[in-house]
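Residues per chain are reported as follows:
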Amino acid sequence: MKKKIKVSTPTSSGACAIVVLFHPDAAFGCRLQKILTQFSSVILVDNTPKGAALTNLPSSVKVLRNDRNLGIAAALNQGVDLAIEKGHEWVATFDQDSEILPGYLEDVVSISARRTPTPVLVGCNYLHDGDTKVAHRAPHQVTDAWVRQTLITSGTFMPACFAREIGGFREDYFIDSVDHEFCLRAHRHGAEILMTVQPFMRHRMGNAGTSLFGLTLSLQHQATRRYYLARNTILTLRQHGTTYPFWAARQIFRLIGEGFAIAFIESDKAPKICAFTRGLWHGLIGRSGPLERI
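All values reported here derive from a predicted model rather than from experimental measurement.

Caption draft 1: Local environment of the packing of aromatic side chains. Applying the stated criterion across every chain, the model contains 8 aromatic pairs. Ring geometry for Phe39 versus Phe94: centroids 6.2 Å apart, planes at 80°, classification edge-to-face. With Phe39 in the loop between helix H1 (28-36) and strand S2 (42-46) and Phe94 in strand S4 (residues 90-95), the pair connects residues that are 55 residues apart, well separated along the chain. Considered together, Phe39 and Phe94 belong to a single accessibility category, that of buried residues. With a centroid separation of 5.4 Å and an interplanar angle of 75°, the aromatic rings of Tyr227 and Tyr228 are classed as edge-to-face. Residue class for Tyr227 comes out buried when judged on its relative accessible area of 2%. Take Tyr228: its relative accessible area is 2%, and that puts it in the buried class. Through a chain of ring-to-ring contacts, three or more aromatic side chains come together here, namely Phe39, Phe94 and Tyr104.

Caption draft 2: Local environment of the packing of helix H6 (residues 223-240) against helix H8 (residues 269-285). For the pair H6 and H8, interaxial distance at closest approach is 7 Å and the crossing angle is 25°. One way to sum up the angle between H6 and H8 is to call them roughly parallel. The handedness of the crossing between H6 and H8 comes out as right-handed. Where H6 approaches H8, its residues Ala223, Arg226, Tyr227, Leu229, Ala230, Arg231, Ile234, Leu235 and Arg238 are matched on the opposing element by Pro271, Lys272, Ala275, Phe276, Arg278, Gly279, Leu280, His282, Gly283, Leu284 and Ile285. Here the contact of H6 with H8 is composed, by residue class, of 12 nonpolar, 3 polar and 5 charged.

Caption draft 3: Fine view of the layout of surface pockets. In this structure, the second largest pocket encloses a volume near 230 Å³. Forming the boundary of the second largest pocket are 14 residues, of which Phe28, Gly29, Ala53, Leu54 and Thr55 lie nearest the centre. Here the residues of the lining of the second largest pocket sort into 9 nonpolar, 4 polar and 1 charged.

Caption draft 4: Just the environment of His88, in detail. Summarising the element assignment, His88 is placed in the loop between helix H2 (72-85) and S4. According to the relative accessible area criterion, His88 is buried, its value standing at 11%. For the pair His88 and Thr11, spaced 77 residues apart in sequence, the C-alpha separation works out to 9.8 Å. Non-local contacts of His88, meaning those with residues more than four positions away in its chain, are made with Gly14, Ala15, Cys16, Ser41, Ala83 and Ala160. A polar contact is formed between the side chain of His88 and the backbone oxygen of Gly14, at a distance of 3.1 Å. Polar side-chain contacts of His88 include one of 3.3 Å to the side chain of Ser41.

Caption draft 5: Quick look at the side chain of Arg231. By the element assignment, Arg231 lies in helix H6. Buried within the structure, Arg231 lacks any salt-bridge partner; its nearest side chain of opposite charge belongs to Asp172, at an N-O separation of 6.6 Å. Contacts of Arg231, omitting those with residues within four sequence positions, involve Asp172, Tyr173, Gly279, Leu280, His282, Gly283, Arg287, Ser288 and Gly289.

Caption draft 6: Inspection of H1 at higher detail. Burial in H1 covers these residues: Phe28, Arg31, Leu32, Ile35 and Leu36. Projected down its long axis, H1 shows its buried positions confined to an angular sector of 145°, all on one face. Residues of H1 that are buried in the fold lie against strand S1 (15-21), S2, strand S3 (61-65), S4 and strand S5 (99-100).

Caption draft 7: H6, seen in detail. Between its first and last C-alpha, H6 extends 26 Å over 18 residues, near the 26 Å set by a 1.5 Å rise per residue. Among the 18 residues of H6, 14 are classified as buried, and the element is accordingly described as predominantly covered.

Caption draft 8: View of unusual backbone geometry. Omega for the bond connecting Thr116 with Pro117 falls within 30 degrees of zero, at 15°, which places this linkage in the cis form. Along the chain, Pro117 turns up in the loop between helix H3 (104-113) and strand S6 (120-128). One non-glycine residue, Lys50, lies in the positive phi region at around 70°. Inspection of the secondary structure puts Lys50 in the loop between S2 and S3. Notably, Asp67 is not glycine yet its phi reads approximately 60°, a positive angle. Here Asp67 is to be found in the loop between S3 and H2.

Cut-offs and rules
Residues numbered from 1 in each chain as written. Predicted model: local features only at pLDDT ≥ 70, side-chain atom pairs only at ≥ 80, totals over all residues. Heavy atoms only, no water. Phe/Tyr/Trp six-rings, centres within 6.5 Å; stacked < 30°, edge-to-face > 60°. Helix = DSSP H or I, 4+ residues; strand = E, 2+ residues; numbered from the N terminus. Buried < 20%, exposed > 50% of the residue type's maximum accessible area, 1.4 Å probe, protein only. Axes fitted to C-alpha atoms, helices over the stretch in contact; angles between N-to-C directions. Parallel < 35°, antiparallel > 145°, perpendicular 65-115°, else oblique. Left-handed = near helix turned anticlockwise from the far one by under 90°. Contact = heavy atoms within 4.5 Å. Nonpolar A, V, L, I, M, F, W, Y, C, P; charged D, E, K, R; others polar. 1 Å grid on protein atoms, 1.4 Å probe; cavity = no way out; pocket = protein on both sides within 12 Å on 5 of 7 lines; lining within 4 Å. Points joined across faces, edges and corners; volume = space filled by probe spheres on them. Polar contact = N/O pair within 3.5 Å; in protein donor to acceptor, adjacent residues only side chain to side chain. Lys, Arg positive; Asp, Glu negative; His and termini not counted. Salt bridge = Lys/Arg side-chain N within 4 Å of Asp/Glu carboxyl O. Arc of directions from axis to C-beta. Expected span 1.5 Å × (residues − 1).

Right, dumping it as structure tokens:
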């Protein structure tokens, strides 16, 4: 465990929302308006080639246009850096297809404020898109938040300078497992990792479609995503597996489940198996960075 880094107490007025965009759909404008009902400042980091068609944005929304896909990690780091430049000490990160629900900011600020000056990452429990089922069931008698090992990127509230001080998000991962690796590294630097009991977000978990040993498996992802999932999971296991053996064991079972899903459930098996196997190999030999081709 490394020396803890002290952080400031968060306030709702000083918080900034960061949303990473990649070909956002027509309904994104409505989801953005819901974020603006709680946040006085929003940063959109656009990874869409040639930029997304965003119009009639208020002055409280700042857009960073990359005009190409730099990956989720690079975009998040850009958003955090700009938030710090604008004087925001705490940020909340969101996926473009997540819908914030009333009470989110008030709750995560309250939970975080009770832990400072200890750094804390507070993830948001959520409802699956189109469903009323809560994604994560809280332990008995927990009223506000409980300890988790990792969180998804969307809905996570964190101290911006702490994120920068521990090295930010790993850009060589590009996509997939960026959030898991960041949470494990944050914990090793003394941060608490928590999740709200109440769901304050509707969220779409990619193409998830089945469960194995309590782990959600993603079905029908393209071959490229299969590569990153396999490679980055192995890279994270190599770096953090011995420190977090329970988390590591779950990820190994998840990889096994993903392999079976490709072989026995999904379509286009051959390119996906090839990509998945290549990702496992690249993870084992420590290769990272964006994939040029399968």
